[in-house]
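A structural walkthrough
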Amino acid sequence: MPPAAQLSFIIAPVVLNETGDGEARVALMPESVQKLVEAKAFVSLESGAGLGAARTDEDYTAVGASVVKDRKALLELADVLVVVNRPAPKDFNGLKKGAVVLGFLRPLDEPAKLVPALENGLTTFSMELVPRITRAQAMDALSSMATIAGYKAVLLGANRIPRMFPLLMTAAGTVPPARVLVLGAGVAGLQAIATARRLGAVVEAYDVRAAAGEQVRSLGATFLEVDLGGLQTEDKGGYAVELSEEALKRGRDLIAERAKTADVIITTAQVPGRRAPVLMDEAAVNGMRRGAVVIDLAGLTGGNVTLSKPDEIVERDGVTIMAPTNLPATVPVHASQLYSRNVTAFLKLLIKDGTLHLDMNDDVVGPSCVTHEGKWANQRVAAAIDAMVK
Ligand code: NAD
């Protein structure tokens, strides 16, 4: 611990052991700690916090962090708690008033879970709310994690199907390539397409945003087009909007048709702050070949496939449906490395001359804030809470 006099002018970011099931990531890797120490931060972490990402306590002390066993003492010390996942209520309660919390807080999916942060007068910043503007690209943790999820989903599928991915010409005859269908061609979907193509699969992809077509084709996949009658499908932030039931049905009909010949289907479709759109119903799964696999990456927000169950493996007449909700945690070194760089870039906006400086007029800091000085700072979250009270 630094001497008490120093604590008053040196910002103290703190990292805890992540306690969620299967969570192996750590919010700050040693390389980022080093950068924060250079910015005059006094970084402390709970003993063992980096082990899941193959980083020991010694790796952290070597770059100037302090390692502490007592979680309660760490929370009391924290000016900034840097997390991967939203802390438990008792961790929120252990922080001092005015402390900052930064991480994936799920403010739009589960706003009520942030009430303890509001009541304790904490300033919370959500990595999900970081605007996708050029200046904030280095802080785009959603894209970092989606990249890993898209990559890993293909490996899961390849591992599960009873066939190989590439086209092979052998003395025993030709082995045809696997057929992969990717639904939703955002960050995760594009990475899934790229990975499946590298393994030699023939890939088709569908997205409601017409702009995704060019990116899909540039990766060597076929873009499936649905006539949505000139409907507006994306907002000015580049995100998909919620579609009418009729428009969704047109997409579903095409998907059900293409699903009949797919070996692996990876679904990634999301609409921020809404339930994930249903893209495959039971009939679509029933139409698939035996041995085929569906990997639903939207499990946390309700799923794209009616039969999928978060973190369970469902079998249906020889078709496997999986909905892993935290694939980035299964690649903990690279997931932590990217995440740690993202949050460190954000922290650098908050630290000036070793002290905390919260400029809510900053076009990245302000929009990312969820609670501040006992009030909801984000209108969408405040509206969601209001709607729950009424
Ligand atoms: P996301 O996770 O919110 O959604 C994944 C994909 O699902 C999106 O491509 C979306 O269009 C699609 N989708 C939604 N409803 C659908 C439906 N009914 N049927 C089929 N597909 C549907 O999105 P994301 O991956 O986070 O990216 C969203 C957008 O933001 C993309 O345009 C992406 O290129 C853009 N983006 C920009 C930046 C940046 O400028 N810094 C960074 C990352 C992403």
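What counts and what doesn't
- Residues numbered from 1 in each chain as written.
- Predicted model: local features only at pLDDT ≥ 70, side-chain atom pairs only at ≥ 80, totals over all residues.
- Heavy atoms only, no water.
- Helix = DSSP H or I, 4+ residues; strand = E, 2+ residues; numbered from the N terminus.
- Buried < 20%, exposed > 50% of the residue type's maximum accessible area, 1.4 Å probe, protein only.
- Contact = heavy atoms within 4.5 Å.
- Areas by Shrake-Rupley, 256 points an atom, 1.4 Å probe, with all protein chains shown as cover.
- Lys, Arg positive; Asp, Glu negative; His and termini not counted.
- Charge placed at Lys NZ, Arg CZ, Asp CG, Glu CD.
- Arc of directions from axis to C-beta.
- Pairing = 2+ DSSP bridges.
- Axes fitted to C-alpha atoms, helices over the stretch in contact; angles between N-to-C directions.
- Expected span 1.5 Å × (residues − 1).

**Overview of the overall build of the protein chain**
Secondary structure assignment for the protein chain yields 14 helices and 19 strands. Projected onto its principal axes, the C-alpha coordinates of the protein chain cover approximately 75 × 55 × 35 Å. Expressed as a percentage of its 390 residues, the buried residues of the protein chain come to 52%. A separation of at least 24 residues holds for 65% of the contacts in the protein chain among residues at least 6 apart in sequence. Total accessible area on the protein chain is roughly 17600 Å²; 53% of this is exposed by carbon and sulfur atoms. Of note, the protein chain has its 41 positive side-chain charges centred 2 Å away from the centre of its 44 negative side-chain charges.

**Some words on helix H2 (residues 30-38)**
Along H2, the residues that are buried comprise Pro-30, Ser-32, Val-33 and Leu-36. Projected down its long axis, H2 shows its buried positions confined to an angular sector of 155°, all on one face. Contact partners of the buried residues in H2: helix H3 (57-61), helix H12 (332-350) and strand E16 (351-352). Looking at the residues trailing H2, positive phi occurs at Lys-40, about 70°.

**Let's talk about the sheet that holds strand E4 (residues 80-85)**
Hydrogen bonds along the backbone pair up the strands of a sheet, which may run parallel or antiparallel. Strand order in this open sheet of eight strands is E3-E2-E1-E4-E5-E6-E18-E19, and the pairing throughout is mixed. A strand with exactly one partner marks an edge of an open sheet, and here the two such strands are strand E3 (66-68) and strand E19 (375-376). Direction of pairing for strand E1 (residues 13-15) relative to E4: parallel, over a ladder of three bridges. Note on E4: the bridge partner recorded for Val-14 is Leu-81. Its contacts with the sheet place H12 against E4, strand E5 (100-104) and strand E6 (123-126), and it is angled at close to 150° to E5.

**Section: the side chain of Thr-267**
Position of Thr-267 among the secondary structure elements: in strand E12 (residues 264-267). Not counting residues up to four positions away in its chain, the partners in contact with Thr-267 are Leu-183, Val-294, Ile-295, Asp-296, Leu-297, Ala-298, Asn-304 and Val-305.

**Concerning the pairing of strand E18 (residues 369-372)**
With two bridges joining them, E6 and E18 adopt antiparallel strand pairing. Across the sheet, Thr-124 pairs through a bridge with Thr-371, a residue of E18. Two elements, E18 and E19, share two bridges in a ladder whose sense is antiparallel. When the sheet's bridge partners are listed, Thr-371 is paired in E19 with Trp-376. In sequence, E18 turns back onto E19 through a hairpin of two residues, with Glu-373 there showing a positive phi of about 50°.

**Re helix H7 (residues 141-160)**
Compared with the 28 Å implied by 1.5 Å per residue over 20 residues, the 29 Å span of H7 between its first and last C-alpha is a close match. If you check which residues of H7 are buried, you get Ala-141, Ser-143, Ser-144, Met-145, Ala-146, Ile-148, Ala-149, Gly-150, Lys-152, Ala-153, Val-154 and Gly-157. Looking at the buried side of H7, the elements it contacts are E5, helix H8 (187-198), E12, strand E13 (293-296) and H12.

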